[in-house]
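# Commentary on secondary and tertiary structure
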Amino acid sequence: MKRRKFIGMLAGAGACLAASSASAGGTHHFTGYPESFGVLFDSTKCIGCRKCEAACNKVNELPAPSVPFDDLTVMDKRRRTHHDTYTVVNKYQIGDKPVYRKQQCNHCLEPACASACFVGAFVKDKTGAVSHDESKCVGCRYCMIACPFEVPAYEYHDPITPRVRKCTMCQPRIEEGKLPGCVEECPKGALIFARREDLLNIARERIRKHPGIYVNHIYGEREMGGTSWMYISGVRFEQIGMREDLGITPAPQFTSGALSVVPAIVGLWPVLLTGAYALTKRREKIAEEEQHHAVAEAVAQAQEEAAKKAKAAMDKAERDKQAAIDREVKKALKEAEEARLKAEAPAEPGEQ
Amino acid sequence: MSDHTTPNKTFWTTANIITAVILVIGLILTVKRFTMGLGSVTNLSDDNPWGIWIGFDLLCGVALAAGGYTTSAAVYLFGMKKYHSAVRPAITTAFLGYSFVVFALLYDLGRYYRLPYPLTIFPGPTSFLFEVGLCVALYLTVLAIEFSPALWETLRWKKLRFWAHSLTLVLTIFGVVLSTLHQSSLGGLYLIAPSKLHPLWYSPYLAMFFFISSIPAGLSMVIFEGRLSHKYLHHKMDQTHIDEAPGVALGFSKAAAVVLFAYFTLKWIGVALDNNWHHLATGWGAWFLVEMFGFVLLPCLMYAVAAREKNLNMAFYASVVAVLGIILNRLNISLVAFNWQLPAEARYLPSWEEIMITVFIVTLEITVLRICLNKLPILHEHPEFKGAH
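What counts, and at which threshold
Residues numbered from 1 in each chain as written. Chains lettered and ligands numbered in written order. Predicted model: local features only at pLDDT ≥ 70, side-chain atom pairs only at ≥ 80, totals over all residues. Heavy atoms only, no water. Helix = DSSP H or I, 4+ residues; strand = E, 2+ residues; numbered from the N terminus. Buried < 20%, exposed > 50% of the residue type's maximum accessible area, 1.4 Å probe, protein only. Contact = heavy atoms within 4.5 Å. Areas by Shrake-Rupley, 256 points an atom, 1.4 Å probe, with all protein chains shown as cover. Lys, Arg positive; Asp, Glu negative; His and termini not counted. Charge placed at Lys NZ, Arg CZ, Asp CG, Glu CD. Salt bridge = Lys/Arg side-chain N within 4 Å of Asp/Glu carboxyl O. Axes fitted to C-alpha atoms, helices over the stretch in contact; angles between N-to-C directions. Parallel < 35°, antiparallel > 145°, perpendicular 65-115°, else oblique. Nonpolar A, V, L, I, M, F, W, Y, C, P; charged D, E, K, R; others polar. Core = buried A, V, L, I, M, F, W, Y, C linked by side-chain atoms within 4.5 Å. Expected span 1.5 Å × (residues − 1). pLDDT = per-residue confidence, 0-100. Phe/Tyr/Trp six-rings, centres within 6.5 Å; stacked < 30°, edge-to-face > 60°. Lys NZ or Arg CZ within 6 Å of the ring centre and 35° of its normal. Buried area = accessible area lost by both parts, 1.4 Å probe. Polar contact = N/O pair within 3.5 Å; in protein donor to acceptor, adjacent residues only side chain to side chain. Pairing = 2+ DSSP bridges.

## A few points about the overall build of chain A
- Across its full length, chain A holds 9 helices and 9 strands.
- Relative to its full complement of 352 residues, chain A shows a buried share of 41%.
- Intrachain contacts of chain A at a sequence separation of at least 6 include 60% that bridge at least 24 residues.
- Carbon and sulfur atoms make up 57% of the accessible area of chain A, which totals about 19,700 Å².

What follows is the structure, given as structure tokens:
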């Protein structure tokens, strides 16, 4: 009963894992929610004013930064997102002119963080936003390992309720019909908020119209399976700190193959191992039987030999006995003959 | 077994003093960690969310506790009864190993009190970490039952002891299934981040590499610990253990040599498959070659020589190199070759407090292991349960 229950539990676990990876097979291909929103960042228009950073800080009610937002010297160093900074603008000196690039969560169509999270705290919403539910989070930080864009950040200073923090695409504001904070504040129109499909058309149109200004690449159209936040630029993206070697495979596909082996192991290993056990048992049994057999044979042989020996001894004894009898008989006859002769001999002269 | 301590022998031996100092420092840092947060004791950052508590405590801890499933599978499933006396020490080490892996995890998890969430109310089955958690939790239960007869014998709770013992076969099979799954899924954890792990260490076969290498890791730990207990706990061993020990070491050496060679070959197939040969000419390549030849092929050959020439010293040295090799491999994947493209100033180096807490946890584990080996019928059979296996 207990064993069966345990086997059931394990099978359930296997099925659970199997179900998640089953969708990796076949021809199913997820291209994002059809009406979902996104943002297009045009680095040729960005002037590095950090107004988006300030707006983000304000709408998300984040703590005030140690260096005020109008201080542009912070951009001399490589910066990344932090628990109190959902977005940063970095400056790259390309030739004699600076090029700016805004960083925040790219809201992947098939997010690595959501695939990696072992409590399912990340959800890709139909608005396009990837949101994080801190009420589920255990704080393992595997999402931060998984994210190819190095976006999620952690409250390492909090001993009791540390949270994973990242850009929410201002999902609550979108649902209220407002623009994301950063988009609303951008004075140069470097950020456009629209449906992802429309953004792709806008981007293509700009590249087509101004081939001298833009490189022919919409970053995020296909990277890691596509993202909701996309970029166009006048310089190669790797020059402004964006990796061009990420490939176009959605993150969940890196693990689905290996995960799909799980049910096979759960199903096959017990059978094979029980088989190995049975073979071992059988081998032991045969060895035991053979030993038994050999012993019995040896005993029988010994017994037979002993019987033979005994019989030979008996026969010999019989023969000896017979010989002795014969000898005795012969001896007795001889003695009788001698006695008779003796008796006859003296009598003869006496009678004459 | 009689206790050999004499009354005038003090408890405060050098080893015990060092242990006590480490435990005190560890406790102070534990208080700091749980009152002031991860950031107060670790060098973890947003770029480097996992440090040595995952790279060493979790990855190496689990790999080096693989002796439990390898030994019990050899004895109970593959009929190698001559290694029977190695089962209990191996199960004990594995049980303590896994217990302390979970204990160490509580330090690393931001909200450690939610540890049961993934297994109960919020399962996230697309994650390799979910598989790790599920299998480690189940396997820890299996190990607890497998370990329990030593306890029941000491307490003379015969019914429980025979009940636990009657499950041996089923538990052994479960143990192998669960170990296969979570040993491999620890490697699987890194499959999702091909852009962060150096190509020489990243491979679609990471999960398989972790599983295969866990076998020599477990065998090596049995040889290594067998030698140490032979040296320091000889008086706790009964004649069976003393007689069987050389056979265990040599038999396991042979097995480890074979599996290490298979692993060595598979790793090169991994390099060939992704056509990563050109990386070998770089500094990373040199480091990879050090790992492959110095810490996989070398112990493999040492084990082969040990098994062939029945050289117990060689088997012991081979086990040391092999164990170091496993640690090197796990640290390379989790720390050294992870985030290899980040600029030097953004790379991770553990803080002294992180190292100290790891030392604290290892010391705690060794202390508990010493107590178990001294007080429980592990290296010897309980007189009332002789031959009852």
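## Regarding the overall build of chain B
- A tally of helices and strands in chain B yields 12 helices and 0 strands.
- Put simply, chain B runs from its N terminus to its C terminus through helices and strands in the order α-α-α-α-α-α-α-α-α-α-α-α.
- Along the longest, intermediate and shortest principal axes, the C-alpha atoms of chain B span 60 × 55 × 45 Å.
- Looking at chain B as a whole, 57% of its 389 residues qualify as buried.
- For chain B, the accessible surface area stands at approximately 15,500 Å², while carbon and sulfur atoms represent 72% of it.
- Positive and negative side-chain charges of chain B, numbering 25 and 21 respectively, have mean locations separated by a distance of 7 Å.

## Examining the pattern of salt bridges
Residues and elements named next belong to chain A.
- Taken as a whole and judged by the stated rule, the model has 29 salt bridges over all chains.
- Salt-bridge contacts for Arg206 lead to Asp42; the nearest nitrogen and oxygen are separated by 2.8 Å. Of this pair, Arg206 sits in helix α7 (residues 196-209) while Asp42 sits in strand β1 (residues 37-42), placing them 164 residues apart in sequence.
- Here Glu176 makes a salt bridge to Lys178, at a shortest N to O gap of 3.0 Å.

## Notes on the packing of helix α3 (residues 67-77) of chain B against helix α8 (residues 206-232) of chain B
All names here are of chain B.
- Two elements in contact, α3 and α8, have axes separated by 7 Å at closest approach and are oriented at 80°. The orientation of α3 relative to α8 falls into the category roughly perpendicular. Taking contact as the criterion, the partners of Gly67, Tyr69, Thr70 and Thr71 in α3 are, on α8, Phe211, Ser214, Ile215, Gly218, Leu219 and Val222.
- Class assignment of the residues belonging to the contact of α3 with α8 gives a composition of 5 nonpolar, 5 polar and no charged.

## Some words on the nonpolar core
- If you look at the biggest cluster of nonpolar residues, it comprises 177 residues, and the most contacted ones within it are Tyr142(A), Trp229(A), Leu189(B), Tyr190(B) and Leu197(B).
- Tallying contributions element by element places helix α5 (residues 128-155) of chain B first for this core, with 13 residues.
- Apart from residues lying up to four places away in sequence, Leu189(B) is in contact with Tyr142(A), Trp50(B), Phe128(B), Leu129(B) and Val132(B).
- Grouped together as the second largest cluster of nonpolar side chains are 11 residues, Ala194(A), Tyr214(A), Ile218(A) and Met230(A) included.

## A word on helix α4 (residues 87-108) of chain B
- Taking 1.5 Å of rise per residue, 22 residues should cover 32 Å, and α4(B) covers 31 Å from first to last C-alpha, within 8% of that figure.
- Of all 22 residues in α4(B), 17 are buried; the element is thus mostly enclosed.

## Here's the deal with the confidence of the model for chain B
Residue and element names in this part refer to chain B.
- Predicted confidence across chain B gives a mean pLDDT of 92, with 97% of residues reaching 70 or more.
- Per-element mean pLDDT across chain B ranges from 87 in helix α6 (residues 158-166) up to 97 in helix α10 (residues 283-309).
- Here residues 1-7 is a poorly scored stretch, pLDDT under 50, and it has 6 contacts once near neighbours within four places are set aside; other chains count.
- With pTM at 0.86, the complex prediction returns an ipTM value of 0.91.

## Things to note about the packing of aromatic side chains
- Counting across every chain of the model gives 32 aromatic pairs over all chains.
- When the centroid spacing of 4.9 Å and the interplanar angle of 90° are considered together, the rings of Phe34(B) and Tyr112(B) count as edge-to-face. Of the two residues, Phe34(B) sits in helix α1 (residues 14-36) while Tyr112(B) sits in the loop between α4 and α5, which places them 78 residues apart along the sequence.
- A ring pair is formed by Trp284(B) and Trp340(B), whose centres lie 6.1 Å apart and whose planes are at 85°; its orientation type is edge-to-face. With Trp284(B) in helix α10 and Trp340(B) in the loop between α11 (312-336) and α12 (352-375), this residue pair connects regions lying 56 residues apart in the sequence.
- Accessibility expressed as a relative area gives 22% for Trp284(B), which makes it partly exposed.
- Counting every residue linked through ring pairs, the aromatic cluster contains Trp201(B), Phe261(B), Phe264(B), Trp268(B), Trp277(B), Trp284(B), Phe288(B), Phe293(B) and Trp340(B).
- The ring of Tyr154(A) carries the charged tip of Arg141(A) above its face, separated from the ring centre by 5.5 Å.
- Note that Arg161(B) overlies the ring of Phe162(B), its terminal NZ or CZ placed 4.8 Å from the centroid.

## Overview of the interface of chain B and chain A
- With 70 residues of chain B at the contact, the number on the chain A side is 68 residues.
- Between chain B and chain A, roughly 5,900 Å² of surface is buried when both sides are summed, and carbon and sulfur atoms account for 65% of that area.
- Contact with chain A buries surface across chain B, with Asp46(B), Arg111(B) and Ile192(B) losing the most and accounting together for 14% of the total.
- Here chain B and chain A share 4 salt bridges between them.
- Residue Lys81(B) pairs with Glu284(A) through a salt bridge whose shortest N-O separation is 3.1 Å.
- Inspection of the region where chain B meets chain A yields 31 residue pairs in polar contact (both at pLDDT 80 or more).
- Here the side of chain B that touches chain A takes 10 residues from helix α7 (residues 168-188) of chain B, the largest share from any one element.
- Residues that form the side of chain B that touches chain A fall into these classes: 45 nonpolar, 16 polar and 9 charged.

## Considerations on the sheet that holds β1(A)
All names here are of chain A.
- Spatial strand order, β8-β1-β9: 3 strands in an open sheet with mixed pairing. Where the open sheet ends on each side, the last strands, each with one partner, are β8 (191-195) and β9 (229-232). Averaged over all adjacent pairs, the angle separating strand axes in this sheet is 25°, with direction ignored.
- Where β1 lies against β9, 4 bridges are found, and the strand directions are parallel. Along β9, the bridge assignment pairs Val39 with Trp229.
- Packing against the sheet, α7 makes contact with β1, β8 and β9, and its axis sits at approximately 130° to β8.

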